[in-house]
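Given next are the chains, with one letter for each unit.
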Amino acid sequence: MIDKIVFATGNEGKMREVRLILEDISLPVLSMKEAGIEAEIEENGKTFEENAAIKAKAVQKLSGGLVLADDSGLEIDYLNGEPGIYSARYMGEDTSYRVKNQNLIDRLAGVKDEDRTARFVCAIAAAFPNGEVLTTRGTIEGRIGYEEKGTNGFGYDPIFYLPEYGCSTAELEPSEKNSISHRGRALRLMRELLKERGL
Ligand code: IMP
């Protein structure tokens, strides 16, 4: 009997988003902290899905129940998909996003609009007590801007420009971003898979 869902993150912002989207699943959704779990997990997978599954399985062993985990990042086509699964570690985990964002803008100097395509990717993995693992993926397509814009969001949001909205994801209201974001999409797909399994 599955009696709870643990989401493998220490990030409260992510937890708020996750709780909102999983609202109509009839199980309590706990953060690792709320579940009393501490874990340093090495993300040594080669894809977003592998990394999400590594985290979900590791935490599942410690917590029991159903465990969800995510892995996300920014893929820039002109840079052959960089920073990709290394998005958080790009230029060092402790380097500010002002510096990381400026570096990416500089690496795209002289690159024309149509070649600045990029996407945010998010994989969600669900690890069940019986060892089964499910994954979903959500993406949002955009272009790398010419300067940082906006103060909402986090990470690479200020340089991620959405042509059809005429602004960066850092200029969207949080609820608006959630409704179109890679993480929102991947989570809603996972919610449907869980519902199909009667949860
Ligand atoms: P994760 O927490 O290991 O999935 O790290 C993903 C990294 O990708 C973050 O630290 C950000 O740098 C970047 N990233 C993922 N999603 C977003 C987003 O929605 N906006 C901006 N940056 C993001």
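Cut-offs and rules
- In this numbering scheme, every chain counts its residues from 1 along its sequence in written order.
- With pLDDT at 70 or above as the cut-off, local features in this predicted model cover only qualifying residues; side-chain atom pairs require 80 or more to be listed or tallied, and sums for whole chains, interfaces and linings still use all residues.
- Here the side-chain values reflect all heavy atoms present in the structure, with hydrogen atoms and water set aside.
- Only DSSP runs of H or I reaching four residues or more are called helices, and only runs of E reaching two or more are called strands; each is numbered from the N terminus.
- In this setup the radius of gyration rests on C-alpha atoms only. A globule is expected at 2.2 Å times the number of residues raised to 0.38.
- Here's how the labels work: a residue is buried when its accessible area is under 20% of the maximum for its type, exposed when over 50%, partly exposed in between, all with a 1.4 Å probe on protein chains only.
- Contacts are assigned to residue pairs that have any heavy atoms within 4.5 Å of one another.
- This count recognises Lys and Arg as positive and Asp and Glu as negative, with His and chain-terminal groups excluded.
- A single reference atom marks each charge: NZ on Lys, CZ on Arg, CG on Asp, CD on Glu.
- Only a single heavy atom is needed: when it lies within 4 Å of a molecule or strand, its residue is near that molecule or strand.
- Whenever two N or O atoms come within 3.5 Å, that pair is a polar contact, provided that in protein one can donate a hydrogen and the other can accept it, and provided that, for residues adjacent in sequence, both atoms are side-chain atoms.
- For the accessible areas, the method is Shrake-Rupley and the probe is 1.4 Å, while residue cover comes only from the protein chains on display.
- Points on a 1 Å grid, built from protein atoms alone, make a cavity when a 1.4 Å probe fits but cannot get out and make a pocket when they are open with protein on both sides within 12 Å along at least 5 of 7 lines; residues with an atom within 4 Å of a point are the lining residues.
- Whether a molecule sits in a cavity or pocket is decided by its atoms, more than half of which must lie within 2 Å of the grid points.

Student: Hey, could you run me through the overall build of the protein in this one?
Tutor: Secondary structure summary: the protein contains five helices and eight strands in total. When its helices and strands are written in sequence order, the protein yields β-α-β-α-β-β-α-β-β-β-β-α-α. Rg of the C-alpha trace for the protein: 17 Å, near the compact-globule value of 16 Å for 199 residues, within the 12% margin. Its C-alpha atoms give the protein principal-axis dimensions of roughly 55 × 30 × 25 Å. Expressed as a percentage of its 199 residues, the buried residues of the protein come to 47%. The long-range share in the protein, meaning contacts at least 24 apart out of those at least 6 apart in sequence, stands at 59%. Distance between charge centroids for the protein: 2 Å, based on 26 positive and 34 negative side chains.

Student: Looking at this structure, how should I read the site of the ligand?
Tutor: Not every one of the 15 residues close to the ligand is listed here, only the nearest: S72, Y97, D157, K177 and H182. Between the ligand and Y97 there is a distance of 2.6 Å, counted from an oxygen atom to a side-chain nitrogen or oxygen. In this structure, R183 approaches the ligand through a side-chain N or O atom, which is 3.2 Å from a nitrogen atom. Protein burial of the ligand: of its 480 Å² of free accessible surface, 88% is covered by the chains. Taken atom by atom, the bulk of the ligand overlaps the largest pocket. Broken down by secondary-structure element, the contributors of at least two residues to the shell around the ligand are β3 (66-76) and α5 (182-196).

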